[in-house]
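# Structural overview for review
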Amino acid sequence: MIGVLDLGIGNIENVRRAVDGIIVKDSYGIERTEKLIFPGVGNFGEIAERVKELKPSLLDFIGDGKPFLGICLGLHYLFKGSEEQPEARGLNVFPGKVVAFGKKGIPHIGWNQIFIRKEHPLLQGIENGSYFYFVHSYYVKEVPDDYILAETEHLTENIATRFPSAVAMDSIYGVQFHPEKSGKVGLRLLKNFRRL
Amino acid sequence: MLARRIIAALDIKDGRVVKGVRFQNMRDAGDPVELAVKYEEEGVDEIVFLDITASYEKRSILINVVKRVADVLSIPFTVGGGIRSVEEVKALIKRGADKVFVNTAAVENPELIREIARVIGTANLVVAIDAKHNGSYWEVHTHGGRMARSIDALQWARRVQELGAGEILLTSMDTDGTKEGFDIPLLREVVKRVDIPIIASGGAGSPRHFYEAFKAGASAALAASIFHRGEYRIDEIKKYLKRKGVPVRLER
């Protein structure tokens, strides 16, 4: 069974429906599932605070090698921390860091393309250059090349920033875009995760 | 590169989609969830729901619609119409709206923009501006276009950006309903003055009109009646735009 972590921020029913999973809210729920999706919305500090009690269960889950997919802030939470809230701590299971676009953290909002860097079952059936829906002001960088599945480019202050938009390391997966808001290709990615 | 967006607008009254011209001759046009799903299948990039329910007491009906839409839709959607407080915004976002828009309440209390942006983030807040040229300037209107406010729309656009709007939904009351194209002069003037994305609205009647709006600097273009009446399919318009060199999202 695939679990979708509900932290009480926003509606995650469409993610649950896409993977035909169950909503998970506590440690018991996390332990029971074979795969877990962490759809992050809000800001890094808020997420870190809300998920605090579940952190040991999440680390066990990942440590057991069970597939884990972080979406947007859920991706950021895989890292040690984020410039968004420097004193808050993430899971620290993925190498790299989370930084702001430009000086002010100019949001990257809308449909943008992903450029596939590595063949992977998570991206099976998804064409190079497909559009996904993004809403974020911070992005991940210094991720080792081996773990980058796809990249995306965002123009801010006339500077193009190329950042990893899909990453994978062992059984840990993360996407910067929102597959649950990306129409057919997004649903395809979620179904791919389900099949992994 | 970010795709230019095509947005379909649905007017909601008492939980149903209604069609009409400028709030008149309203007819029931179906279930909002069914229509939203149909547009998603046609490749629309976003849907905007405008609640025109008169009474505040019926707000719960809208909240319920938002929940039902969020449960099934896999593209982003925006909700607005009569929003007056941060509490209403929170309720809509919690049920699954991706963004909200404010209009009248923002004109009456500009600080509301700042307050909402603080709670849900700039990226999720759209400020709608209804403008009509009064002979000397584009004047801001509120209350669904019924009240002129003696405010210059170009200055107001700058102001809402400073206060924390993430996008502007710019409706020209001069072109709205004409099907003769978006208000390009107004659009150009606003684009020149702000950095945030502009959604052009009012006047779409053919694929060429969308092209003109994007060429004038709009990040997105919104239409209602040409989609409702089935005059043009969304994917048809997008294919046309792609041929003209506009970056659009086309599903295969």
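Reading the values: rules and limits
- Residues numbered from 1 in each chain as written.
- Chains lettered and ligands numbered in written order.
- Predicted model: local features only at pLDDT ≥ 70, side-chain atom pairs only at ≥ 80, totals over all residues.
- Heavy atoms only, no water.
- Helix = DSSP H or I, 4+ residues; strand = E, 2+ residues; numbered from the N terminus.
- Buried < 20%, exposed > 50% of the residue type's maximum accessible area, 1.4 Å probe, protein only.
- Contact = heavy atoms within 4.5 Å.
- Areas by Shrake-Rupley, 256 points an atom, 1.4 Å probe, with all protein chains shown as cover.
- Lys, Arg positive; Asp, Glu negative; His and termini not counted.
- Charge placed at Lys NZ, Arg CZ, Asp CG, Glu CD.
- Arc of directions from axis to C-beta.
- Patch = residues over 30% accessible without salt bridge, like charges linked within 9 Å, V, L, I, M, F, W, Y side chains within 5 Å.
- Salt bridge = Lys/Arg side-chain N within 4 Å of Asp/Glu carboxyl O.
- Phe/Tyr/Trp six-rings, centres within 6.5 Å; stacked < 30°, edge-to-face > 60°.

### Comments concerning the overall build of chain B
The secondary structure content of chain B amounts to ten helices and twelve strands. If you line up chain B on its principal axes, its C-alpha atoms span 45 × 45 × 40 Å. For chain B, the proportion of its 252 residues judged to be buried stands at 58%. Pairs at least 24 apart in sequence give 65% of the contacts found in chain B among residues at least 6 apart. Roughly 10,500 Å² of accessible area belongs to chain B as shown, and the carbon and sulfur atoms make up 48% of that amount. Looking at charge distribution, chain B has the averaged site of its 39 positive side-chain charges lying 3 Å from that of its 35 negative ones.

### Considering helix 3 (residues 86-94) of chain B
Residue and element names in this part refer to chain B. Among the residues of helix 3, those classed as buried are Val86, Glu88, Val89, Leu92 and Ile93. Looking down the long axis of helix 3, one finds its buried residues gathered within 160 degrees of arc, a one-sided arrangement. Those residues of helix 3 that are buried are in contact with helix 2 (59-72), strand 5 (77-80), strand 6 (99-102) and helix 5 (111-120). Within two residues after helix 3, glycine 96 carries a phi angle of roughly 120 degrees, on the positive side.

### So, a negative patch on the surface
Residue and element names in this part refer to chain A. On the surface, Asp26, Glu31, Asp60 and Asp64 cluster together to form a negatively charged patch. With respect to the helices and strands, the residue glutamate 31 is situated in helix 2 (residues 27-32). For glutamate 31, a relative accessible area of 54% gives the class exposed.

### Considerations on the packing of aromatic side chains
Residue and element names in this part refer to chain A. Scanning the model with the defined rule gives 18 aromatic pairs over all chains in all. Centroid distance phenylalanine 38 to tyrosine 77: 5.6 Å. Interplanar angle 65 degrees. Geometry classified as edge-to-face. Placement of the pair is phenylalanine 38 in strand 3 (residues 35-40) and tyrosine 77 in the loop between helix 5 (73-76) and strand 5 (97-100), with a sequence separation of 39 residues. Relative accessible area serves as the criterion here: at 1%, phenylalanine 38 is assigned to the buried category.

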